[in-house]
Every structure is written in C-alpha cells, then in structure tokens.
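Next come the chains, spelled out residue by residue.
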Amino acid sequence: MNGIIVYEEKDALHNQSFIDYLIEKGREKGLTLELCLFEKFSFGIHETGYFIEYDGKPFQRPGVVLYRCREYLLSRQFEAMGIPVVNSSKVCEICNDKALTYQYVAGLGIPMVPSLFVRNDRIQDVVQHSKEDMVVKAVNGHGGSQVCLVNPTDKEQMEECLATINGEDAVVQPLIKGRGQDLRVYIVGGEIVAAVLRSANGDFRANFSLGGSVMLYTLSEQEEAIVKKITKLLSLDYAGIDFIIGENGELIFNEIEDVVGARMLYQCSDLDIVPLYLDHIIQKL
C-alpha cells in the first residue's frame, strides 16, 4: 500500500522529523509514504473531468493522502477523483476557518466564547466601539499567530493588530479571564487518545510554541462528554480540540486544529501517537 504526505514547503521544513517518523513507522506497517509539496501541484478541470499534475508531470495516483495543509481545495480535488484523504476536505475547510468552526459547533450547546465575525475592513471600527479589551484573531491563523489583544483606546496597538492580521477577516472576542491555561485533546479516528494542559508564561495565549508549559491531563466524564459531542459532529482522523480553562475550571471551546502537531504530547508523555494514527489509516482503508 502506498500513500503521500502533503505539506506546504515551509511547514515541511519545520516538521521534517515528524515526516521522517511517519515514513519510518509507515514502512514498518507496510504503508509506503512519500512527501509531496503543495506548491508543486497543479490541478483543475479539463474537457473530460478532473486533472492533477505534480512537478509538471502526470500525477501517480496514491492509495491514500495524508493531507497536512490548510488549503482545502486540493484535498477536495483528491476526493473528487476517488482518492481517500485524511483529514477530509470538509474537516480542512471548517477547522482552518475560526468563524466557520464556531458557527458549526455553536449548535451543540457547549460553552463558547462570544464571538463577532468581522470583515477585515471593519475590525478597527468594531474594536473601537467596544468597552473592554478585545482579542482579535485572523480566521485562518494557527499556533497562536495572528492573535492580538487590543485596548480599544490605544491607536498604536490597533495599528499593530491590523498589521498582524494582515488583511484577513477576523473573529473578535472579549478576553476570557480564566486561569491562563488551555487544554488540547488529541483525537485519532474519532476517539480521545490523550489530553494536554498548557499554561501560559506571562502571555494571554498558552500555546506551547510561544513558551507555555505542558502536562498530561485526565478528562472527567463530563469533559469527555463535551469532547464527544464535537467528535460526533465531525469525522476527525487526527486532530486536536482546544479549550480555554475558565475561572471555575470549566472547559470553554476554542478551536479545532486540523493540522495538529505532537511536540507537546511527546514532551510530557510516553504515548506514541504516530503508530495509532497509521493504524487508523490502514484500518480505514
């Protein structure tokens, strides 16, 4: 059985050890994987249907695509041609747009941060008419990037925020005065496999990549029930569901990471999530 792992070039460089490990463990399980770069694909339609080329040559059809990009159109093209993709293009589309994710999850009745979905040209007006500090998030930001805390009366802060958002639409939220912690729940094949508690290090964001500390966390039955509502809504092959920890320890839904990393899980546990992910793919196929 063969497959490809699709990354954007800059992300492939950052995640080379993870890619190498996927390839190594895949080989042990009879799954031959090869890295393909998003930028080398050309795709569209011609007179008789869909086409995909790679590096200017006809694309050799794989048995599966491990899709690790945030642009859903290419993954949808694979699916249209009958090629299995993990995670699916639907998950890619929804989970890489914060506004769309909130809109999709809001019907589940779980605690969420009040959110305004704001076009880029209205961000400044919306923030300046608020009465408290606001968190502004680019809808397609990830890893704590393109997230700003803005005082509505601070013009310099507003200008820095708009530069950070860089022309994207945004989600605007009040600052939740929780414990300076958030929780990532790792999902493989729709099942909970681990949860990691992240604590901020002097920042309003608790992202591990921004210097936050991490530790394993045991979910209560009530917390598991909240997570399972989300996993029943979306078919997640491998993803992270993120929650803010409120002042009373309650889980407040934050986002779903489609292209989830595993660094902080390996940092604080002996759980090897890659074989679990590959076993799920092989069983699914």
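What comes next concerns the included structure. (Residues numbered from 1 in each chain as written. Predicted model: local features only at pLDDT ≥ 70, side-chain atom pairs only at ≥ 80, totals over all residues. Heavy atoms only, no water.)

## Considering the overall build of the protein
- A tally of regular secondary structure across the protein gives 10 helices and 16 strands.
- For the protein, whose C-alpha radius of gyration is 20 Å, the value lies close to the compact-globule estimate of 19 Å for 285 residues.
- For the protein, the C-alpha atoms occupy an extent of roughly 55 × 45 × 35 Å along the three principal directions.
- By sequence separation, contacts in the protein at least 24 residues apart represent 63% of the contacts at least 6 residues apart.
- Surface accessibility of the protein: about 14100 Å² in total, with carbon and sulfur atoms responsible for 48%.
- In the protein, 27 side chains carry a positive charge and 41 a negative one; their mean positions are 3 Å apart. (Helix = DSSP H or I, 4+ residues; strand = E, 2+ residues; numbered from the N terminus. Rg over C-alpha atoms; globule rule 2.2 N^0.38 Å. Contact = heavy atoms within 4.5 Å. Areas by Shrake-Rupley, 256 points an atom, 1.4 Å probe, with all protein chains shown as cover. Lys, Arg positive; Asp, Glu negative; His and termini not counted. Charge placed at Lys NZ, Arg CZ, Asp CG, Glu CD.)

## Section: the pattern of salt bridges
- Enumeration according to the criterion identifies 14 salt bridges in this entry.
- We note a salt bridge from Asp 279 to Lys 29, for which the minimum N-O separation is 2.8 Å. Of the two residues, Asp 279 is situated in helix H10 (residues 273–284) and Lys 29 in the loop between helix H2 (16–28) and strand E2 (32–37); the sequence distance between them amounts to 250 residues.
- According to the relative accessible area criterion, Lys 29 is partly exposed, its value standing at 33%.
- One salt bridge connects Asp 242 with Arg 184, and the closest N-O pair in it is separated by 2.9 Å. Here the residue Asp 242 occupies a position in strand E15 (residues 238–245), and Arg 184 occupies one in strand E12 (residues 181–188), the gap between them amounting to 58 residues. (Salt bridge = Lys/Arg side-chain N within 4 Å of Asp/Glu carboxyl O. Buried < 20%, exposed > 50% of the residue type's maximum accessible area, 1.4 Å probe, protein only.)

## Quick notes on helix H3 (residues 72–80)
- Residues of H3 that are buried: Leu 74, Ser 75, Gln 77 and Phe 78. Seen along its axis, H3 keeps its buried residues to an arc of 155 degrees; they face one direction.
- Where H3 is buried, its residues touch strand E1 (2–7), strand E3 (41–46), strand E4 (49–54), strand E6 (64–67), strand E7 (85–86) and helix H4 (89–95).
- Remark: Gly 82 follows H3 within two positions and exhibits a positive phi of approximately 80 degrees. (Arc of directions from axis to C-beta.)

## A look at empty space enclosed by the protein
- In the structure shown here, the tally under the stated rule is 2 cavities of 30 Å³ or more.
- The volume enclosed by the largest cavity comes to roughly 70 Å³.
- Lining the largest cavity, in full, are Cys 95, Asn 96, Asp 97, Lys 98, Thr 101, Val 139, Asn 140, Gly 141, His 142, Glu 255, Ile 256 and Glu 257.
- Within the residue set of the lining of the largest cavity, elements represented by two or more residues are helix H5 (98–105) and strand E16 (251–257).
- The biggest single contributor to the lining of the largest cavity is E16, with 3 residues.
- Counted by class, the lining of the largest cavity contains 3 nonpolar, 5 polar and 4 charged residues.
- Size it by volume and the second largest cavity reaches roughly 30 Å³.
- Around the second largest cavity sit Tyr 67, Arg 68, Val 86, Asn 87, Tyr 238, Asp 258 and Tyr 277, which together line it. (1 Å grid on protein atoms, 1.4 Å probe; cavity = no way out; pocket = protein on both sides within 12 Å on 5 of 7 lines; lining within 4 Å. Points joined across faces, edges and corners; volume = space filled by probe spheres on them. Nonpolar A, V, L, I, M, F, W, Y, C, P; charged D, E, K, R; others polar.)

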